[in-house]
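# Observations on the three-dimensional arrangement
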Amino acid sequence: MGPLLLFTYTLLSSWRLLDAQSNNMITMVEDVRLSIEPRANVIRGTNVTLRCKAKVISYTQEMSRDYTIYKDNVIIFNDSSSSSQDFVYLLPDVRVSHTGKYSCEIKIDGNHKMSEANKLSVSGLSTPLLHLNQSVVSEGEELKVSCTAPGETGPIIFNFYVDSRERLERQVNSDQVEAKLFVDSVGIHQIHCTYTVLVTVYSFKSKESNIVSVSVKELSITPILEIFPQNKIYEGDSLNIFCSIRGLASSIEHARLILSQGNQILSHGETKINHSMFALAKDSGLVECRLFLGNIRKVATKTVSVTELFSAPTLTMSPAEVFEKEFVTLTCKSEHVASEKLSRKELTYTLDPPESLLILNDTGVFFGKALTYDLNYTCIAQAKGIIKRSKNLTVRPKVSVSSPKIVAIDRVVLGKPFKALCQSDTGSLPINYTLLKGREQVGTVSVKLPYQQALFTVTIDRPEDVNTYRCEAKNRDNEAHVSKSLNATVTVPLSRPSLTVIPVLPEISEGDHLFLICMVKGTPPVIFKWYRVGRESPLFTTNSEWNSSDFQIENLAKKDSGTYYCEALNFANNLVRSGPVTIEVRLALWKKAMIGGFSLLVVSVLVVVGVLCFRSKRGKREPAAELSVKPSSPKSDDSLTVNLTHDTEVYNAAPAIEDRPPTSVWSERPPEAADDEESSMVSNELDVEYTEVVHPHAADPARVPGRKGTDTVYSELQNSPHGAVDHHGYGSVEYAELNGEQPEINHYCPEVNNYQDLPVPVD
């Protein structure tokens, strides 16, 4: 018995396999339609789409389909596809030649069906272009011409005209044609061309024929569709569908039945179909029993309505937002239950995946701690063999915000607004950031999107105010974190600089070492620049970490005189400028001394030379003055006459008294006194007498105008006791005062004193 049972089982399995394969081969092409997009009437250059849509009834929609596109019953394209999607054929940049009737055919496993033809009409032609090989020909010479239809396709007829009369016609399958023309007569002729695109063959339609009536008798054969139970159907009920034929037995022998719902074939057979199924809510819809007999197509339809035993469950979470490792509750529930068929206690719920570590607390209620990572949950409801799943619920545990940090992303400048950024390293969005100044809230920014930043605009008036700002971060109601105080370097804008000059201005001389010191108040580093008025570019630029810097000029020269100023700039970006300082470089001290000494030397030389020159010129112009000298010896009463030349010292003496009246050349001594003096003198002693000699002469108004004076000449007369002149012994001297005009003194003439030129007194 064992081998027999094994053989029987193998036979049944083979029959079932063959039956399944034969079932899969059952395919019916219900309908094929072709549509033209965007519309049937378009203009030249439009992109047109031909869409072929087929309705196929089969056990499966995954099958090979052969598509063929026709134009005017001529195949223009074919392709195969295993997709149930619409087949699309593109006609880009259409031309008039694309005008025609298009249709689509589909073939599946020997079944084929063609759509109705739809006409595409394209309007608009391009302007033809004519070209001649030459514009001037001789009489009887051949002329080569070409005509082009830019961008056109299809069979084209070109026509050439001479003086508006057609002379030549050519038909080609391209958009250009070349030809030869002969122009008979002499003169100027006008040539042009046209073209015609051949779309359809010329046809002539006849009149309507006679009308003949025909009567079609319906065969007494129809499909019958029955569904049980006929009353209300619930999920889980056994659903029995019967499809059969009612009619002539002779006709039934060649009939074929197909039971389908939508595009899905439920079953097929020849004369009768009995299909049983487990009713589900998704099975609601139109059921069709189709009869195929030759070219006859008949169908019987009924609508099946399946009532849900219970609705698909929904999965919800409480609270709506949960943080890591906090308790969460997931509730799975079917909102609708057919209470007449099912009680809620019979409905069971499970949670997928099972490793979620949530515990079933009540019917459909799961409780536990949230994980530290995202997880998709699905609820499964089951009763009486019906299983339904909820939509996925993704539980994303939120991360508590970490302690924020506050930083200044701009440079902090006193009195100017800057941006402060508040951010936390971790934390689920949205996060509310609040800027605090002391205990006062300045503003709040809610960050809801990734890469969004919480930026605050802050302005401080004192450097120490920067440390009063803090930031608070919060992404849950009962917890907030506060940052440390804002720590940033405050840049104080620069004050107006002062320019100090060393050495002081009045003491600046050539050769000095000059220091121009620029000083400001503010936060370094500072960029200092020194300028000289009249020059655009700076003399010197330096970047200093201090509030002052200097520009030095070594070995000052006269050319360094001018007006100087300095500019300063720091990170506050405010350029400040000092007041101008004018520097005058004076001569060096040794140069001043040298110039003074040289000047004195020149003056002295000029004086000496002038005196010498004057005395030399005076000796040539004036006669010598006579001087009468009375001898001091009582032995002779004769007067002594002395000739005075200009070489005496008389002319070098300064004038005594202006406008003094002339006096006697002799001294006003009483004779008695003279005699007494002479008698009392020892014979070997020398008597010296001073005699005043008066020189009256007219003044030279051209040399010394309006000036008169008395010249005193001191003459030393030596008398020996014996009356002879002794040049080497002692004698008496008389001084004579000469009255007359003061001679002009020429400083370029040398001063000479010649006492030895005085005359010797005569006894």
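Check the entry above for the structure.
So, a few notes on the structure that sits alongside this text.

Analysis parameters
Residues numbered from 1 in each chain as written. Predicted model: local features only at pLDDT ≥ 70, side-chain atom pairs only at ≥ 80, totals over all residues. Heavy atoms only, no water. Helix = DSSP H or I, 4+ residues; strand = E, 2+ residues; numbered from the N terminus. Buried < 20%, exposed > 50% of the residue type's maximum accessible area, 1.4 Å probe, protein only. Contact = heavy atoms within 4.5 Å. Areas by Shrake-Rupley, 256 points an atom, 1.4 Å probe, with all protein chains shown as cover. Pairing = 2+ DSSP bridges. Polar contact = N/O pair within 3.5 Å; in protein donor to acceptor, adjacent residues only side chain to side chain. Core = buried A, V, L, I, M, F, W, Y, C linked by side-chain atoms within 4.5 Å. Axes fitted to C-alpha atoms, helices over the stretch in contact; angles between N-to-C directions. Disulfide = S-S within 2.5 Å. Phe/Tyr/Trp six-rings, centres within 6.5 Å; stacked < 30°, edge-to-face > 60°. Lys NZ or Arg CZ within 6 Å of the ring centre and 35° of its normal. Patch = residues over 30% accessible without salt bridge, like charges linked within 9 Å, V, L, I, M, F, W, Y side chains within 5 Å. Salt bridge = Lys/Arg side-chain N within 4 Å of Asp/Glu carboxyl O.

Helix and strand counts for the protein chain stand at four helices and 53 strands. The buried share of the protein chain, taken over its 763 residues, is 37%. Counting contacts in the protein chain only where the partners sit at least 6 residues apart, residues at least 24 apart contribute 64% of the total. Total accessible area on the protein chain stands at roughly 46,200 Å², and carbon and sulfur atoms take up 53% of it.

Examined bridge by bridge, strand S39 (residues 469-476) and strand S40 (residues 479-482) share three bridges and lie antiparallel to one another. Looking at S40, one finds that Glu472 is bridged to Val482.

As a further point, take the side chain of Glu152. When you line up the elements, Glu152 lands in the loop between strand S11 (142-148) and strand S12 (156-162). At a separation of 3.2 Å, a polar atom in the side chain of Glu152 contacts the main-chain amide nitrogen of Ser126. Those residues in contact with Glu152, other than ones at most four positions away along the chain, are Arg44, Arg95, Val96, Gly124, Leu125, Ser126, Asp175 and Tyr195.

In this structure, Phe310, Leu315, Leu330, Leu347, Leu351, Leu358 and Tyr377 are the most contacted members of the largest nonpolar core, which totals 25 residues. Only strand S26 (327-333), strand S27 (348-352), strand S30 (375-383) and strand S32 (393-395) provide two or more residues apiece to this core. Of all the elements, S30 adds the most residues to this core, at five residues. Aside from chain neighbours lying at most four places away, what touches Leu358 is Val328, Leu330, Leu351, Phe366, Phe367, Gly368, Lys369 and Tyr377. By size, the runner-up hydrophobic cluster in this structure holds 23 residues, among which are Val32, Cys52, Ile69 and Tyr89.

Read from one edge of the open sheet, three strands run S13-S12-S15, paired in antiparallel fashion. Of all the strands in the sheet, the pair left with one neighbour each is strand S13 (165-172) and strand S15 (191-197). Pairs of neighbouring strands in the sheet enclose a mean axial angle of 20°, with direction left out of account. As paired strands, S12 and S13 are joined by seven bridges and run antiparallel to one another. For Asn159, the partnering residue across the bridge sits in S13 and is Glu169.

Here we take up unusual backbone geometry. A negative phi angle is the norm for most residues apart from glycine, just as the trans form is the norm for most peptide bonds. The residue after Glu37, namely Pro38, is reached through a cis peptide bond having omega 5°. Within the fold, Pro38 resides in the loop between strand S1 (27-37) and strand S2 (41-43). Cis peptide bonds are those with omega within 30 degrees of zero, and the linkage from Ile502 to Pro503 qualifies with 0°. Along the chain, Pro503 turns up in the loop between strand S42 (498-502) and strand S43 (514-519). Its identity as a non-glycine residue notwithstanding, Lys325 has a phi of 65°, on the positive side. In this structure, Lys325 sits in the loop between strand S25 (314-318) and S26.

Applying the stated criterion across every chain, the model contains six disulfides. Sulfur-sulfur distance for the disulfide between Cys243 and Cys289 comes to 1.6 Å. In this structure the cystine formed by Cys243 and Cys289 twists about its S-S bond by roughly 60°; its chirality is therefore right-handed. Taken as a pair, Cys243 in strand S18 (residues 238-247) and Cys289 in strand S22 (residues 285-293) lie far apart in primary sequence, 46 residues in all. Each member of the pair, Cys243 as well as Cys289, carries the same accessibility label: buried. Between the sulfur atoms of Cys332 and its disulfide mate Cys379 the distance is 1.2 Å. Taking the sign of the S-S torsion, -70° for the link of Cys332 and Cys379, the bridge is left-handed. Residue Cys332 is located in strand S26, and its partner Cys379 is located in strand S30; the two are separated by 47 residues in the primary sequence. Take Cys332 and Cys379: they sit in the same class, and that class is buried. Across the protein chain, the way the bonded cysteines pair up, counted in sequence order, is 1-2, 3-4, 5-6, 7-8, 9-10, 11-12.

Right, let's talk about the packing of aromatic side chains for a bit. Note on aromatic pairs: each is described by the distance of the centres and the angle between the planes. This model, assessed by the stated rule, comprises eleven aromatic pairs. Through a chain of ring-to-ring contacts, the aromatic side chains of Tyr67, Phe77, Phe87 and Tyr89 assemble into a single cluster. Sitting over the ring of Phe323, Arg476 keeps its end group 4.1 Å from the ring centre.

Attention now moves to a nonpolar patch on the surface. A contiguous nonpolar patch, built from Val407, Ile409 and Leu455 and spanning about 220 Å² of accessible area, is present on the exposed surface. Examined against the element boundaries, Val407 turns out to sit in strand S33 (residues 405-408).

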